[in-house]
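# Reading the structure
Residues per chain, in single letters:
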Amino acid sequence: MLSREDFIFTIGYDGPAAVVDTRAKKRYSSLSTRELAEKGLFRAAYSSAIWSKDPGELTILVDIYNKISGASISVDSSLDRLFGVFPVEVKRSIQI
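Rules of the game
Residues numbered from 1 in each chain as written. Predicted model: local features only at pLDDT ≥ 70, side-chain atom pairs only at ≥ 80, totals over all residues. Heavy atoms only, no water. Helix = DSSP H or I, 4+ residues; strand = E, 2+ residues; numbered from the N terminus. Rg over C-alpha atoms; globule rule 2.2 N^0.38 Å. Buried < 20%, exposed > 50% of the residue type's maximum accessible area, 1.4 Å probe, protein only. Contact = heavy atoms within 4.5 Å. Areas by Shrake-Rupley, 256 points an atom, 1.4 Å probe, with all protein chains shown as cover. Salt bridge = Lys/Arg side-chain N within 4 Å of Asp/Glu carboxyl O.

The next point concerns the overall build of the protein. Helix and strand counts for the protein come out as six helices and three strands. From first element to last, N terminus to C terminus, the protein shows the α and β order α-β-β-α-α-α-α-α-β. Relative to its length of 96 residues, the protein is compact, with a C-alpha radius of gyration of 13 Å against a globular reference of 12 Å. Dimensions along the principal axes, computed over C-alpha positions, put the protein at roughly 35 × 25 × 20 Å. Counting over 96 residues, the protein shows a buried share of 34%. Looking at the protein alone, contacts between residues at least 24 apart form 57% of all its contacts between residues at least 6 apart. Of the roughly 5800 Å² of accessible surface on the protein, a fraction of 52% belongs to carbon and sulfur atoms.

Next up, the structure:
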């Protein structure tokens, strides 16, 4: 299973391995879901919210996204498609 940081900063997959952006991971891994969203890192924030399994974090993310973008999405929207994040079971990562 991937660590929280590896999951949040996964940028793609190479077969059975997640490809992780180490520069972003180093710079932003200590931030919470809220902090990532406030910085405009919505994909990473969404990944963080999924990882936490806390519905409150999804609400925080959607509220900040709507405020910054002027959109009016809801937590029930197709967030996976919007942010391009789909939970996938992988056991290893490739750090680039």
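What follows concerns the pattern of salt bridges. For side chains bearing opposite charge, pairing can occur when the charged atoms are close. Here the structure, examined in full by the defined rule, presents two salt bridges. Two residues, D6 and K25, come together in a salt bridge whose shortest N-O distance is 2.6 Å. A residue pair is termed long-range when its members are at least 10 positions apart, and D6 in helix 1 (residues 4–8) and K25 in helix 2 (residues 22–28) qualify at 19 residues. Classification of K25 as partly exposed rests on a relative accessible area of 21%. The shortest N-O distance in the salt bridge between R34 and E38 comes to 3.9 Å.

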